[in-house]
Amino acid sequence: MKRYSIFSLAKNALNYHKDWERAWRSPDPKEEYDVVIVGAGGHGLATAYYLAKNHGITNMAIIEKGWLGGGNTGRNTTIIRSNYLRDPSIAIYELARSLYETLSQELNYNMMFSPRGVLMLCQTEHELRAFRRTAHANRLAGLDCRMVDAAEVKRIVPIINDSPDARYPILGAYYQPRGGTGRHDALAWGYARAIDDMGVDVIQNCEVTGMLRSGGKITGVATKRGTIRAKKVAVVTSGHTSNIMEMAGVRMPVESVCLQALVSEPIKPVIDCVVMANTVHGYMSQSDKGELVIGGGADPYNNYSQRGSFPAVEHTVSALVETFPIISRLRMLRQWGGIVDMTGDRSPIISMTDVGGLYVNCGWGTGGWKSIPGSGFVFADTIANDRPHPIAEPFGLNRFTEGRFIDESVAAAVAH
């Protein structure tokens, strides 16, 4: 793996990276692979990485209709936490959080993982009771999380409005000190470079137009760059999963909605943790560049828009202004939206299907970014061994027909 000195970095910066070596190849598709992964976002890239690293499968292509990481991987607020309510959720998200901690060293690529802590505010008595319940569940699962009172909230976040006369007063919070944030493009590039080094083909601008079946088994995919045969096909296309799976004759229990976010103009450091204010549907952290990263709830109607909308911004910011008065003086720098798959129980689907050789990973809703390494780890194991990984097993498609819901509508926090 090539490394660059500070002098070569400066030289290439001055000549607009004219001689910069590509971090991964851009090959044409081969006629056939052992595995084809549809979707080169974080989950697809992580799946390819662990298939190659842990299971030795390298005759594999990961195909993307646009550019690598151009979907939800680059359209999120980078929050990482594992303090969910149900045991299956805790297991998958804590696996991901723990993998994030060493991912920079493993990939030799700085993920900018920052375990700055995640503080989930309690602003109603009902919310206080709900988080105490979550705290008991997390303690039994061995997570490092705790309830904190209003005085400690003010100590952790000095800019917060702790007035007892506020419309939504601070009654306390639920705190995960080892939660935090990461860098979304770094994760995509780090995984892409690693799988390319192992011989995996990363194929961009290769939109899937059809799924090829022979009887009850998948045989490949039809794309705008030709037909690609495959022994196994894994669909990891957040927001568009139902469309792709329909091509294979599989109907998915998900709906697609837009989840929006924005950043402010950059300012000096004012907040050094992530704060989630679920009652008022808003959350906030500060990036290394000084921007306040702000997100809120998902759109209340199905859509495939990535542009965002001013009513959603207004709803989120107007609610946060009372909790963080200083943001009323800031200007919005930019806004965006990402398309997310939502299941009825607000938990993901990591599953084999009734079509032989066809696998699906979707339905992460608002939890996609925080779960990427864990999701890829267990999905790769499921694909390689043709049986669910123990952590993935509760998230199978069959739970919807068997009534085994994993209800995370509360622990999914602001966007449910």
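Calculation criteria
- Position numbers for residues start from 1 in each chain and track the written sequence from start to end.
- Given that this is a predicted model, residues contribute local features only at a pLDDT of at least 70 and side-chain atom pairs are listed and counted only at 80 or more, while totals for whole chains, interfaces and linings are drawn from all residues.
- Excluding hydrogens and water, the side-chain figures rest on all heavy atoms present in the structure.
- Each helix is a run of DSSP H or I of at least 4 residues and each strand a run of E of at least 2, with the numbering of both proceeding from the N terminus.
- Residue burial is assigned from relative accessible area. The probe radius is 1.4 Å, only protein chains are included, and a residue is buried under 20% of its type maximum, exposed over 50%, and partly exposed in between.
- Whether two residues touch is decided by their heavy atoms; if any such pair falls within 4.5 Å, the residues are in contact.
- Accessible areas in this description were obtained via Shrake-Rupley with a 1.4 Å probe; residue shielding takes into account the shown protein chains only.
- Positive charge is attributed to Lys and Arg, negative charge to Asp and Glu, and no charge count is given to His or to the chain ends.
- Charged groups are reduced to one reference atom each: NZ for lysine, CZ for arginine, CG for aspartic acid, CD for glutamic acid.
- The nonpolar core is taken to be a set of buried Ala, Val, Leu, Ile, Met, Phe, Trp, Tyr and Cys residues, with the residues joined through side-chain atoms within 4.5 Å.
- Whether two strands pair depends on DSSP finding at least two bridges between them.
- The angle between two axes is taken between their N-to-C directions and runs from 0 to 180 degrees, where each axis is a line fitted to C-alpha atoms and a helix contributes only its stretch in contact.
- The term salt bridge refers to a pairing of a side-chain nitrogen on Lys or Arg with a carboxyl oxygen on Asp or Glu at a separation within 4 Å.

Asker: Would you mind going over the overall build of the protein with me for this structure?
Answerer: Tallying secondary structure elements over the protein gives ten helices and 18 strands in all. The dimensions of the protein, computed from C-alpha atoms along their principal axes, are 65 × 60 × 40 Å. Residue burial in the protein is summarised as follows: out of 416 residues, 55% are buried. Residue pairs in contact within the protein that sit at least 24 positions apart in sequence constitute 77% of those at least 6 positions apart. Carbon together with sulfur atoms contributes 52% to the accessible area of the protein, which is approximately 18,100 Å² in total. Charge centroids of the protein, computed over 44 positive and 41 negative side chains, lie 3 Å from each other.

Asker: Is there a simple way to explain the nonpolar core in this structure?
Answerer: If you look at soluble globular proteins, the nonpolar side chains tend to sit buried side by side. Counting 48 residues, the largest nonpolar core has Ile37 and Tyr191 as the members making the most contacts within it. Counting only elements with at least two residues in this core, the list comes to strand S1 (32–38), helix H2 (42–55), strand S2 (60–63), helix H3 (87–107), helix H6 (184–197) and helix H9 (368–385). Ignoring sequence-local partners within four residues, the contact set of Ile37 consists of Gly44, Thr47, Ala48, Leu51, Met60, Ala61, Ile62, Ile63, Ala234 and Val236. Of all hydrophobic cores here, the second largest spans 28 residues; its members include Ile63, Cys206, Val233 and Ile349.

Asker: Looking at this structure, I do not really get the sheet that holds strand S13 (residues 274–277). What am I missing?
Answerer: Neighbouring strands of a sheet are bound in pairs by backbone hydrogen bonds; such pairs are parallel or else antiparallel. Read across the sheet, eight strands follow the order S5-S6-S4-S13-S14-S15-S12-S16 without closing on themselves; strand pairing throughout is mixed. The two strands at the open ends of the sheet, each matched to only one other strand, are strand S5 (146–148) and strand S16 (332–343). Averaged over all adjacent pairs, the angle separating strand axes in this sheet is 25 degrees, with direction ignored. By the bridge criterion, five bridges tie strand S4 (residues 118–122) to strand S6 (residues 172–176) in an arrangement that is antiparallel. Within S6, the position partnered with Leu121 by the bridge is Ala173.

Asker: What's the story with the pattern of salt bridges in this structure? I'm lost.
Answerer: Note that side chains of opposite charge can pair when their charged atoms are close. Per the counting criterion, the structure on display carries 25 salt bridges. Note that Glu101 and Arg97 form a salt bridge whose closest N and O atoms lie 3.0 Å from each other. Of this pair, Glu101 and Arg97 both sit in helix H3, separated by four residues, roughly a single helical turn. Using a relative accessible area of 28% as the deciding quantity, one classes Glu101 as partly exposed.

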